[in-house]
Amino acid sequence: MLLRPPGPLDPASLPHWPYAQALDRELTHRGIAPGAVRVERDWRREATMRLVFTWDASRCAGAGGIRLVWHDDTGWSHSLLRPDTVGAVPRGPLTALHRVFATPHDVADVVGALVTRRCHRYAGDHHEEWAQAPQVRAAIDTFHLTVGTGRTSR
């Protein structure tokens, strides 16, 4: 489980940190904890909040591994990591997750299907939104206003 944000970042400076913690707890509880997690503010994209979860080949059924990326404005997407560790093959949005703030339970269901290559479990539609999404959206909106981007999340 993540105990602190990666690097020198203060959790108070990351309004999406509660979502990252909830996801990490659920993934760890299910036994599919990622090998690497990045929690970022992407200054190139107007201070977008981003989470990156990675499972390398030793942790999943994929040839090189799997990377899941969450953006506060678009939700979840994934890519397959190449076995030669030189990049990734983008696969696009995780269409089974219909919410930007999908519940950690739903995210773990989809991740479990992708990591284990039991893709029949991926076929379900996950429409539920995480209960704390409104608070995190408000915190992200406040963050955007304080950095002067004028952008608000959905």
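The structure this text deals with has already been given above.
Residues numbered from 1 in each chain as written. Predicted model: local features only at pLDDT ≥ 70, side-chain atom pairs only at ≥ 80, totals over all residues. Heavy atoms only, no water.

Visitor: Which parts of the structure should I look at to understand the overall build of the protein chain?
Guide: Counting secondary structure elements, the protein chain contains three helices and five strands. Put simply, the protein chain runs from its N terminus to its C terminus through helices and strands in the order α-β-β-β-β-β-α-α. Looking at the protein chain as a whole, 47% of its 154 residues qualify as buried. Considering only contacts in the protein chain between residues 6 or more positions apart, those separated by 24 or more positions represent 50%. Accessible surface, the protein chain as shown: approximately 7900 Å² in total, 52% of it carbon and sulfur. (Helix = DSSP H or I, 4+ residues; strand = E, 2+ residues; numbered from the N terminus. Buried < 20%, exposed > 50% of the residue type's maximum accessible area, 1.4 Å probe, protein only. Contact = heavy atoms within 4.5 Å. Areas by Shrake-Rupley, 256 points an atom, 1.4 Å probe, with all protein chains shown as cover.)

Visitor: Explain the nonpolar core to me, please; I cannot follow it from the model alone.
Guide: Burial of nonpolar side chains together is a common tendency in soluble globular proteins. One finds Tyr19, Phe53, Leu68, Trp70, Trp76 and Phe101 to be the most contacted residues of the largest nonpolar core, which totals 36 residues. For this core, the elements supplying multiple residues, two or more each, are α1 (17–29), β1 (36–42), β2 (48–56), β3 (65–71), α2 (104–116) and α3 (133–146). (Core = buried A, V, L, I, M, F, W, Y, C linked by side-chain atoms within 4.5 Å.)

Visitor: How do you make sense of the pattern of salt bridges when you look at a structure like this?
Guide: Any two side chains of opposite charge can pair, on the condition that their charged atoms come close. Taken as a whole and assessed by the stated rule, the structure comprises three salt bridges. Taking the shortest distance from any N to any O, the salt bridge between Arg30 and Asp109 comes out at 2.7 Å. Highlighted residues: Arg30 in the loop between α1 and β1 and Asp109 in helix α2, separated in sequence by 79 residues. Through salt bridges with shared partners, one network takes in Glu26, Arg30 and Asp109. (Salt bridge = Lys/Arg side-chain N within 4 Å of Asp/Glu carboxyl O.)

Visitor: Sorry, what's going on with α3 here?
Guide: Count 3.6 residues to each turn of an α-helix, and residues three or four apart come out pointing the same way. Between its terminal C-alpha atoms α3 stretches 20 Å, which fits the 20 Å expected from 14 residues at 1.5 Å a residue. Those residues of α3 that sit buried are Ala133, Val136, Arg137, Ile140, Asp141, Phe143 and His144. Buried positions in α3, seen along its axis, are confined to an arc of 160° and lie on one side of it. Residues of α3 that are exposed and point over 90 degrees away from its buried face: Gln135, Leu145 and Thr146. (Expected span 1.5 Å × (residues − 1). Arc of directions from axis to C-beta.)

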